[in-house]
Amino acid sequence: MIWRLIQGLGTESMPFLLMQLAAIVVVMFTALPFHEFAHAWMAKKMGDNTAQMHGRLTLDPFKHLDLMGTLMLLIVGFGFAKPVPVNPRNFRNRKQGMLFTALAGPASNLLLAVPFMLLLAGAWVLRIGSPSDFALLFFVFAQHLLRLNIILMIFNLIPIPPLDGFQIVDFFLPMRASLWISRYAQFIRWGFFALVIFGILTPIISLLANPIFGLFERGAVAIARVFV
């Protein structure tokens, strides 16, 4: 994203790139903290209040933002916040506690997609009723906001430690496989981040996100048609 902004300096595409950057900033201060808050909330419901004791049961973005995850969001278009601390020994049922705590993060992105869809519906109404430059830029902002949120959900569902997808898959893995992955988690993690940084995963994540984004976009259009 940053490179695209530099390339777009002084060009006609600059306002659209700025709207996309604005969407990234909004996601940074809404979707990321809401995602981690959902983990903390579910962990407490399942019997572990470790996240709450560390001040993570909050929507305050500054309690959740991670430097590397934020830079990734700015550079490659998806990233992460600081994982909330969890003590599985406190769960009433360890495996179920880990599963539902992990699921809470992506579920929060799916839930947040609803107000973002309504915002996109409003942008559709504004664009149809007033085809101005502002209406077009606001439409680009709302569209990118919804898409980014869906991409974050898909990214976190990748079954690689420490992402939520691994904790979900781990629920179904035999103990031997789970222990093997945990043993080599650090090497797997760095290999995964290399794939992300070099852009190898970007088209795959976009491909997976497109159908879900399309569903919400069609929902926004259907809502907009009620008002125009």
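Asks: I tried to follow the side chain of Thr50 on my own but got confused; where do I start?
Replies: One can find Thr50 in helix H4 (residues 50–53). If sequence neighbours within four positions are ignored, Thr50 has contacts with Pro85, Asn87 and Asn90.

Asks: Mind showing me how you'd approach the side chain of Asp48 here?
Replies: Locating Asp48 in the fold gives a position in the loop between helix H3 (31–45) and H4. A polar side-chain atom of Asp48 sits 2.9 Å from the main-chain amide nitrogen of Asn87. Beyond its immediate stretch of four places on either side in the chain, Asp48 contacts Ala43, Pro85, Val86, Asn87, Asn90 and Phe91.

Asks: Please explain the packing of helix H6 (residues 94–129) against helix H7 (residues 133–156) as it appears in this structure.
Replies: Two quantities define a packed helix pair, namely the angle between the helix axes and the distance between the axes. Running from N to C, H6 and H7 point in directions that differ by 165 degrees, and their axes come no closer than 9 Å. Judged by the inter-axis angle, H6 sits roughly antiparallel to H7. Crossing angle aside, the handedness with which H6 passes H7 is left-handed. Each residue belonging to the contact of H6 with H7 can be placed in one class, and the counts come to 23 nonpolar, three polar and one charged.

Asks: Explanation requested: the packing of aromatic side chains in the structure shown.
Replies: This model, assessed by the stated rule, comprises six aromatic pairs. Ring centres of Trp124 and Phe139 lie 4.9 Å apart, and the angle between their planes is 75 degrees; this geometry places the pair in the edge-to-face category. With Trp124 in helix H6 and Phe139 in helix H7, the pair connects residues that are 15 residues apart, well separated along the chain. Trp124 gets classed as partly exposed once you look at its relative accessible area, which sits at 22%. Each ring, one from Phe155 and one from Phe192, has its centre 5.9 Å from the other, and the planes form 25 degrees; the classification is stacked. Of the two residues, Phe155 is situated in helix H7 and Phe192 in helix H10 (residues 185–197); the sequence distance between them amounts to 37 residues. Since its relative accessible area comes to 0%, Phe155 is described here as buried. With a relative accessible area of 6%, Phe192 lands in the buried category.

The rules behind these values
- Residues numbered from 1 in each chain as written.
- Predicted model: local features only at pLDDT ≥ 70, side-chain atom pairs only at ≥ 80, totals over all residues.
- Heavy atoms only, no water.
- Helix = DSSP H or I, 4+ residues; strand = E, 2+ residues; numbered from the N terminus.
- Contact = heavy atoms within 4.5 Å.
- Polar contact = N/O pair within 3.5 Å; in protein donor to acceptor, adjacent residues only side chain to side chain.
- Axes fitted to C-alpha atoms, helices over the stretch in contact; angles between N-to-C directions.
- Parallel < 35°, antiparallel > 145°, perpendicular 65-115°, else oblique.
- Left-handed = near helix turned anticlockwise from the far one by under 90°.
- Nonpolar A, V, L, I, M, F, W, Y, C, P; charged D, E, K, R; others polar.
- Phe/Tyr/Trp six-rings, centres within 6.5 Å; stacked < 30°, edge-to-face > 60°.
- Buried < 20%, exposed > 50% of the residue type's maximum accessible area, 1.4 Å probe, protein only.

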